[in-house]
Amino acid sequence: MTFRFGGLLSVSLLLLFCNYSVPTFAISTSISPEIIAPTVAATTHFRLQFDGSLRPPRNIKYPTISHRTAICAACIGMVRTYTNTKNICDQSNDGEMVVTPLAVGAMELPVSMETTLHHAEYGGLLMGLEWLIDFIIRKGENEKNMLRLTLTIEGDCRTVIDQLNGKSIPRKLETLHRQSESLLDQLSNMIILNTEIRHIPRAQNSISDSLCYNLNNVISTESWLSIIHRLEEAENQMEQQSTPSQVSESSLSLSEIFETATERTKHYLRPPLYEMIAKLAVKVEDYELLISIGEQLIEEASSTNAKSRNKKKTGGIVTSLKRTGVIYQIQGWEGLGKEKKVRFLERKHLRILFTDAENDTSVGSQSIHKLKSLCNFTEGKWDASIPNVWKPMLDKWFVSARCKQPNEAAEDKLSPVWVENS
């Protein structure tokens, strides 16, 4: 009897140490699975991811290119993390996260010679924080008993993250840093209990990164189609003009088109566009514009060569751009009667001018109809790693972005394009 009692006591102590009770030990045959399900606790927090883009990027060797496009983006979601708090022997679902998308947004930023990628990154952060404050205000009107939550901010720019965490001094970005701190203070006074700011690899920031990429495509597409339309109108006007004043007006129109193409068109699409403008410039005898086009082509060829990692692959393209640029300059100076300048350019670029034309990898002559099809993004291009739960919202955002861009004359053309989870 004593031996049996001691044995049962030892078994009971062993079960208690393993976090099992005696009734639980006899479950498999007499108690339903619903009763023995482990206790699961869920923690909820906001997650804000941001990103920025500057195209073409700043280059120390060629800092004179002021025509850039700066874009920022952000995505906000609600994350619920489930933790198994009872059954320590079964941790299969411990730490499982369920993300509910709240909003995605992107916008174009004003650009100056001082604009850097870090300005665009801060733009994405500020845009996301402003949306979150507005969301909490709107949500608070309907739900008076909102719990205080944690905010997690994630970005792939080490400089911005370190500045927000106090690891580095903002210096030139001090104004943007103060704005971010002010918005974070507002959130702390609302429902944000604490804020965690951390750096993530670019691969984990695919949503915001894809938003920047697609907005850049939308802007480039609308600008491209607008330039093509203006070129068609200029070509038609030249066929009908007869007086010197009309010729002068056409020349002025071409100069504006060239400036717009330099500012807003994708780098790889510019050469065929420059070729069309150059042909029309020859018709109206605008040789100064022809020289400007040649200089721009040489500058862009040098920039392409400096940024390229594979010199062999881009060597033919760079040579072709330089040759075309030199030819346009020579034609322009000939038209202005500057023979000395012509001879100088011919001697300086003798090797490029007489390079084997068979290796020419230029786009070549294109009709307006073909040029229209070169840049026409009708649907978004999203990173394959983006979770499916975000895809419907991203597709809806792309449609909204395309509908907004044509109205460039509107005062809110630089306002964010947001799409929220309905």
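Structure: above.
All of these numbers come straight from a predicted model, not from anything done at the bench.

Peer 1: Go over the overall build of the protein, please, and point to the residues and values.
Peer 2: Scanning the protein from N- to C-terminus turns up 16 helices and six strands. Residues counted as buried form 41% of the 422 residues belonging to the protein. Taking contacts inside the protein between residues at least 6 apart in sequence as the whole, the part at least 24 apart equals 77%. When the accessible surface of the protein is totalled, it reaches about 24,000 Å², and 54% of it is carbon and sulfur.

Peer 1: Any chance you could break down the state of the cysteines for me, citing the residues and the numbers?
Peer 2: Under the definition given, this model contains zero disulfides. Looking at C72, it has no disulfide partner, and the nearest cysteine sulfur is the one in C212, 6.9 Å off. Note on C212: relative accessible area 3%, which makes it buried.

Peer 1: Quick rundown of the nonpolar core? Include the residues and the values.
Peer 2: Counting residues in each nonpolar core, the largest one holds 31 residues, and the members touching the most others are F46, L125, L129, L132, L151, I153 and L187. Elements that contribute at least two residues to this core include exactly β1 (40-55), β2 (69-84), β3 (96-109), α5 (117-142), β4 (149-155), α6 (158-164), α7 (174-188) and β5 (192-199). Per-element accounting of this core gives the leading share, nine residues, to α5. Not counting residues up to four positions away in its chain, the partners in contact with L151 are F46, L48, L129, L132, L184, L187, I192, N194, T195 and E196. By size, the runner-up hydrophobic cluster in this structure holds 27 residues, among which are L231, L280, V284 and L297.

Peer 1: How would you summarise the environment of N216 if you had to cite specific residues and measurements?
Peer 2: Residue placement: N216 occurs in helix α8 (residues 206-240). A sequence separation of 163 residues divides N216 from S53, and the C-alpha atoms of the two residues are 8.8 Å apart. Non-local contacts of N216, meaning those with residues more than four positions away in its chain, are made with R55, T69, I71 and K266.

Peer 1: Could you give an account of the environment of L394, with specific residues and numbers?
Peer 2: Here L394 lies in helix α16 (residues 391-404). In this structure, the C-alpha to C-alpha distance between L394 and L211, residues 183 residues apart in sequence, is 8.1 Å. Every residue in contact with L394, bar those within four places of it in the chain, is listed here: V104, I207, L211, W382 and I386.

Peer 1: Any chance you could break down the pairing of strand β6 (residues 417-420) for me, citing the residues and the numbers?
Peer 2: Burial of β6 is one-sided: the residues V417 and V419 facing one way are buried, the residues W418 and E420 facing the other way are not. The pairing of β3 with β6 spans four bridges and is classified as antiparallel. Bridging across to β6, G105 finds its partner in W418.

Peer 1: Would you mind going over α16 in detail, with residue names and values included?
Peer 2: Since the α-helix turns once every 3.6 residues, residues separated by three or four places project in the same direction. Between its first and last C-alpha, α16 extends 20 Å over 14 residues, near the 20 Å set by a 1.5 Å rise per residue. Every buried residue of α16 is accounted for by M393, L394, W397, F398 and A401. Buried residues of α16 fall within an arc of 140 degrees about the axis and therefore sit on the same side. The exposed set on the far side of α16, more than 90 degrees from its buried face, consists of P392 and C403.

Peer 1: Please set out the packing of α8 against α16 residue by residue, giving values where relevant.
Peer 2: Relative to each other, α8 and α16 sit at 25 degrees, their axes nearing to 10 Å. Comparing the axis directions of α8 and α16 gives the class roughly parallel. Crossing handedness for the pair α8 and α16: right-handed. Note on element contacts: α16 touches α8 through L394, W397, F398, A401 and R402, opposite I207, L211, N214, L215, V218 and E222. The residue makeup of the contact of α8 with α16, split by class, is eight nonpolar, one polar and two charged.

Peer 1: Let's hear about the environment of S210: which residues, and what values?
Peer 2: You can see S210 is positioned in helix α8. In the structure, S210 is positioned 170 residues away from G380 in sequence and 8.9 Å away in space, judged by C-alpha atoms. The contact partners of S210, leaving out residues within four places of it in the chain, are W382, D383 and I386.

Peer 1: Hey, could you go over the packing of α8 against helix α10 (residues 270-283) for me, with residue numbers and the actual values?
Peer 2: The N-to-C vectors of α8 and α10 enclose an angle of 20 degrees; their axes lie 11 Å apart at closest approach. Taken together, the axes of α8 and α10 are roughly parallel relative to one another. Where α8 crosses over α10, the handedness of that crossing is left-handed. For the pair α8 and α10, the contacting residues are W224, I227, I228, L231, E235 and M238 in the first and L273, M276, I277, L280 and K283 in the second. Partitioning the contact of α8 with α10 into residue classes produces nine nonpolar, no polar and two charged.

Peer 1: Requested: an account of unusual backbone geometry, with residues and values cited.
Peer 2: For R171, which is not a glycine, the phi torsion comes out positive at approximately 55 degrees. Following the sequence through the fold, R171 ends up in the loop between α6 and α7. In this structure, E285 takes a positive phi of about 60 degrees despite not being glycine. As for its placement among the helices and strands, E285 is situated in the loop between α10 and α11 (287-307).

Peer 1: Report on the pattern of salt bridges, specifying residues and quantitative values.
Peer 2: Within this structure, the stated rule accounts for eleven salt bridges. Of the charged contacts, one joins R270 and E300 as a salt bridge, the two residues approaching to 2.8 Å between their closest N and O atoms. In this pair, R270 is assigned in helix α10 and E300 in helix α11, connecting sequence segments 30 residues apart. For R270, a relative accessible area of 4% gives the class buried. E300 sits in the buried class, given a relative accessible area of 3%.

Peer 1: Can you break down the packing of aromatic side chains residue by residue, with the values?
Peer 2: For the structure on display, the rule yields five aromatic pairs. Ring geometry for F46 and F135: centres 6.3 Å apart, planes at 85 degrees, overall edge-to-face. Separated by 89 residues along the polypeptide, F46 in strand β1 and F135 in helix α5 bring together distant segments of the chain. Pair check on accessibility: F46 and F135 agree, each one buried. Residues W131 and F135 carry aromatic rings whose centres are separated by 5.0 Å and whose planes lie at 10 degrees to one another, so their mutual orientation is stacked.

Basis of the calculations
Residues numbered from 1 in each chain as written. Predicted model: local features only at pLDDT ≥ 70, side-chain atom pairs only at ≥ 80, totals over all residues. Heavy atoms only, no water. Helix = DSSP H or I, 4+ residues; strand = E, 2+ residues; numbered from the N terminus. Buried < 20%, exposed > 50% of the residue type's maximum accessible area, 1.4 Å probe, protein only. Contact = heavy atoms within 4.5 Å. Areas by Shrake-Rupley, 256 points an atom, 1.4 Å probe, with all protein chains shown as cover. Disulfide = S-S within 2.5 Å. Core = buried A, V, L, I, M, F, W, Y, C linked by side-chain atoms within 4.5 Å. Pairing = 2+ DSSP bridges. Expected span 1.5 Å × (residues − 1). Arc of directions from axis to C-beta. Axes fitted to C-alpha atoms, helices over the stretch in contact; angles between N-to-C directions. Parallel < 35°, antiparallel > 145°, perpendicular 65-115°, else oblique. Left-handed = near helix turned anticlockwise from the far one by under 90°. Nonpolar A, V, L, I, M, F, W, Y, C, P; charged D, E, K, R; others polar. Salt bridge = Lys/Arg side-chain N within 4 Å of Asp/Glu carboxyl O. Phe/Tyr/Trp six-rings, centres within 6.5 Å; stacked < 30°, edge-to-face > 60°.

Geometry only, nothing functional implied.
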